[in-house]
Amino acid sequence: MMLCMLATACERGDEEEDYKPVDHLSKVVTQGGTPSATPTPTPTEVPRKPYILCLDPGHGGKWTGAMYHGVEERNLVLQLAKEIRSYLNEHYPDIEVYLTRETNDCFSSDLGTDLRKRVEFAKENGAQILVSLHLNASDAHNLRGTMVCISKQPNINGISIELANALLDATESLGLKRRGYETRNSGDTFDENGVPVDYYAICRHGSSLGIPAVILESCFMDNSIDYEYIKDDKAIRKLAAAEAEAMAKFLISHYSK
Ligand SMILES: [Zn+2]
């Protein structure tokens, strides 16, 4: 059993509640004007780069995710996301990278709302793909490798499989076991045709909004062999570089105009 997803119910979330938009949602800046003049700021769209990636460091807020070796999944995946962004900023200046959270703060204290807002954040920022970063764990602490959860919905299933395989190629090249990709149906939620929707909220909302949204479980943080890949800053930087390369090449190959 995969604890990251099951024990923490990290991706289900159907509850709803009001939320407060966060400041970093804004894509508009103002220019001109002085304090003494009549303030008539002119909104100006920030020039867009050709490729836009949204990274979602999983969990955060009151949700720690898996916890082993004295560290929490929510902190490791945030570090991983920032390292991926740093790598892309340095090596792929044409790729704009958004993070759904920069700190431990989330969009909402309600799980269902928070997960939905993460995908909406990607959509509002024009992201072409959304990669939700997680680390796995198992009951017996004996499972290893990378797996990717994807939507089964036809509008994004095909491209999600390609993205999953690109990510799996990258981690496999580092020596991580290739567990593959999987889809999972909701057991109690169905669309208007009676077909079960995706179990994982990130994938489900990704399909609704037309964004390939995948959950990347890079490795098992409770397994001593896999832990080598996230054990310190240097290891996380190496993992981030490989995953960033995969994301960059995928974006360029699929979204070049
Ligand atoms: Zn997780």
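Residues numbered from 1 in each chain as written. Predicted model: local features only at pLDDT ≥ 70, side-chain atom pairs only at ≥ 80, totals over all residues. Heavy atoms only, no water.

Structural notes on the packing of aromatic side chains
(1) Moving on: If you walk through the whole model with that rule in mind, you get 3 aromatic pairs.
(2) Moving on: Ring geometry for Phe107 against Phe121: centres 5.7 Å apart, planes inclined by 50°, an arrangement best described as tilted. Of this pair, Phe107 sits in the loop between strand 6 (95-99) and helix 3 (111-124) while Phe121 sits in helix 3, and the two are 14 residues apart along the sequence. A single burial state applies to Phe107 and to Phe121, both of which are buried. (Phe/Tyr/Trp six-rings, centres within 6.5 Å; stacked < 30°, edge-to-face > 60°. Helix = DSSP H or I, 4+ residues; strand = E, 2+ residues; numbered from the N terminus. Buried < 20%, exposed > 50% of the residue type's maximum accessible area, 1.4 Å probe, protein only.)

Concerning the pairing of strand 12 (residues 213-220)
In regular strands, side chains alternate between the two faces of the sheet.
(1) Moving on: The element strand 12 is extensively covered by neighbouring structure, given that 8 of its 8 residues are classed as buried.
(2) Moving on: Both strand 7 (residues 129-136) and strand 12 contribute to a ladder of 6 bridges, which runs parallel. When the sheet's bridge partners are listed, Val131 is paired in strand 12 with Val214.
(3) Moving on: Here 3 bridges tie strand 8 (residues 146-149) to strand 12, and the two strands are oriented antiparallel to one another. Across the sheet, residue Val148 finds its bridge partner in strand 12, namely Leu216. (Pairing = 2+ DSSP bridges.)

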